[in-house]
Each structure stands twice: as C-alpha cells, then as structure tokens.
Amino acid sequence: MPLAIALLSVFVFIGYKVSKNINSSGNYFLAGRSLGVGAISLSLLATQIGAGVILGTSSSSYKFGIYGVFYSLGLSLGLIAISFFGAKQLRQKNISTVAELFEKEYNSKLLRKITSLISIISLYGIFISLIVGTRQLLLAFHITNEFILYAFWIVLIIYTVLGGLKAVVYTDVI
C-alpha cells in the first residue's frame, strides 16, 4: 500500500510539473506534438492493457479457450493499422480529433457535433468500464474498501487535468 501511495504521489507531481509548461490548448491536448515514437507507443500500450483487458482476457480465455484472446489481438492489429495507414494522413491535414476529421473532410458542423456527442458518450462508457475493471482488480487482491477505489480515481483525474496529454504519457511510461 505505501508503494501505491508513493506512485500516485509521483503521478500528481508529474502532472503539476508538466502543467508549468502548458501555454496553449495544443500543448495540453497534443503535448505540443513533441512526444517521440517510444513514449507514444508505451502510452498506447498502457492504455490498452489495463485492468479490464487483463481480467477480461483471462476470464474470456478461461471460458472460451484460445478465442478469448481475440479482443487483445484486435486491439493490437487496430493500433498497428492506424499507425501505418492513418496517422500520417491525419497529421498532414492537421487533424487532431475524429470530430475535426468529419468537419474538414465533409465540411459539416452537424457531423462534427454528432461525432463529438458519440465520442463523449463512448468515452464515458470507457471511463465507467475502467472504474469497474479497477474495482475487480482491487477485489482480486482482497481490497474491498471503496475509499481506496475513489481515492485512486480522484488522483488519476487530478494529474490528468493538471498536465494534459504529456502528463498522461509520462505516467503511462512509468
């Protein structure tokens, strides 16, 4: 438990330190487009391989055998496909969100708003699933205190809000 508290404290410190250099929305949301391939790769890996995937894949593999790994395989292949076939084109068009893609490519503010709403709803669902996955992981270690779950997520939200994408990537690398 002391190690977890120390690690979460380091995350908040990283968020605080990174926040000192944020002077634009590009720095906050895109880390000033200054992150290297290694940091981005580790961050994407950390994002995809969380408590939900670890517990979900092991549970599915137990129930369905080898077919339980298809979710993880799909995530991996999807990230590889995006990196080879989409990232360069999006960068060349200076597009940073899917909603922005719809507005620029189809010249439609309505599509941008619909896409933004779908994205918000999807991210909310992902957020809830991460909380549920974290709770399941804590239960696997016989940690039943709800305060620990709430404190964990409050700290994650704090360092994310403080430091933006750069803080998230740095903590993912750790």
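Calculation criteria
- Residues numbered from 1 in each chain as written.
- Predicted model: local features only at pLDDT ≥ 70, side-chain atom pairs only at ≥ 80, totals over all residues.
- Heavy atoms only, no water.
- Helix = DSSP H or I, 4+ residues; strand = E, 2+ residues; numbered from the N terminus.
- Contact = heavy atoms within 4.5 Å.
- Salt bridge = Lys/Arg side-chain N within 4 Å of Asp/Glu carboxyl O.
- Expected span 1.5 Å × (residues − 1).
- Bend = angle between axes of the 7 residues up to and from the residue.
- Buried < 20%, exposed > 50% of the residue type's maximum accessible area, 1.4 Å probe, protein only.
- Core = buried A, V, L, I, M, F, W, Y, C linked by side-chain atoms within 4.5 Å.
- Patch = residues over 30% accessible without salt bridge, like charges linked within 9 Å, V, L, I, M, F, W, Y side chains within 5 Å.
- Areas by Shrake-Rupley, 256 points an atom, 1.4 Å probe, with all protein chains shown as cover.
- Phe/Tyr/Trp six-rings, centres within 6.5 Å; stacked < 30°, edge-to-face > 60°.

Caption draft 1: Representation of the side chain of Thr171. Inspection of the secondary structure assignment puts Thr171 in helix α9 (residues 146-173). Every residue in contact with Thr171, bar those within four places of it in the chain, is listed here: Phe11, Ile14 and Tyr159.

Caption draft 2: Region of interest: the pattern of salt bridges. For the structure on display, the rule yields five salt bridges. With a closest N to O distance of 2.7 Å, Lys93 and Glu105 form a salt bridge. Of this pair, Lys93 sits in the loop between α6 (87-92) and α7 (98-106) while Glu105 sits in helix α7; the two residues are 12 residues apart in sequence, bridging distant segments of the chain. Ionic contacts of the salt-bridge type, sharing partners, join the residues Glu103, Lys109 and Arg112 into one network.

Caption draft 3: Up close: α9. With 28 residues, α9 ought to run about 40 Å at 1.5 Å a step, yet its terminal C-alpha atoms sit only 27 Å apart, falling short of that. A maximum bend of about 125 degrees is found in α9 at Gly164. Residues of α9 that are buried include every one of Leu149, Trp153, Val155, Leu156, Tyr159, Gly163, Gly164, Ala167, Val169 and Thr171, and no others. As for α9, its buried residues are in contact with α1 (2-19), α2 (25-30), α3 (37-48) and α8 (109-140).

Caption draft 4: Examining the nonpolar core more closely. Leu8, Phe11, Ile14, Val18, Leu138, Leu149, Trp153, Val155, Leu156, Tyr159 and Ala167 together form the largest nonpolar core, which totals 11 residues. Every element with two or more residues in this core is listed here: α1 and α9. Of the residues forming this core, the biggest block, six residues, is contributed by α9. Those residues in contact with Ile14, other than ones at most four positions away along the chain, are Ala167, Tyr170, Thr171 and Ile174.

Caption draft 5: The arrangement of the side chain of Ser108 in detail. If you trace the backbone, Ser108 turns up in the loop between α7 and α8. Relative accessible area serves as the criterion here: at 17%, Ser108 is assigned to the buried category. In contact with Ser108, other than residues within four places in its own chain, are Phe102 and Glu103.

Caption draft 6: Spotlight on a nonpolar patch on the surface. Taken together, the side chains of Phe64, Ile66, Tyr67, Val69, Phe70, Leu73, Leu77, Ile80, Phe84 and Phe85 present a nonpolar region at the surface, about 1100 Å² in accessible area. If you tally residues by element for the nonpolar patch, the top one is helix α5 (residues 70-85), at six residues.

Caption draft 7: Region of the structure containing the packing of aromatic side chains. Within this structure, the stated rule accounts for four aromatic pairs. Ring plane angle 85 degrees and centroid distance 5.6 Å describe the contact between Phe152 and Trp153, whose orientation is recorded as edge-to-face. By relative accessible area, Phe152 is classed as partly exposed at 27%.

Caption draft 8: Spotlight on unusual backbone geometry. If you check the backbone angles, Asn107 has positive phi at about 50 degrees while not being a glycine. Assignment of secondary structure puts Asn107 in the loop between α7 and α8. Asn107 gets classed as exposed once you look at its relative accessible area, which sits at 71%. Although it is not a glycine, His142 sits at a positive phi angle of roughly 60 degrees. Along the chain, His142 turns up in the loop between α8 and α9.

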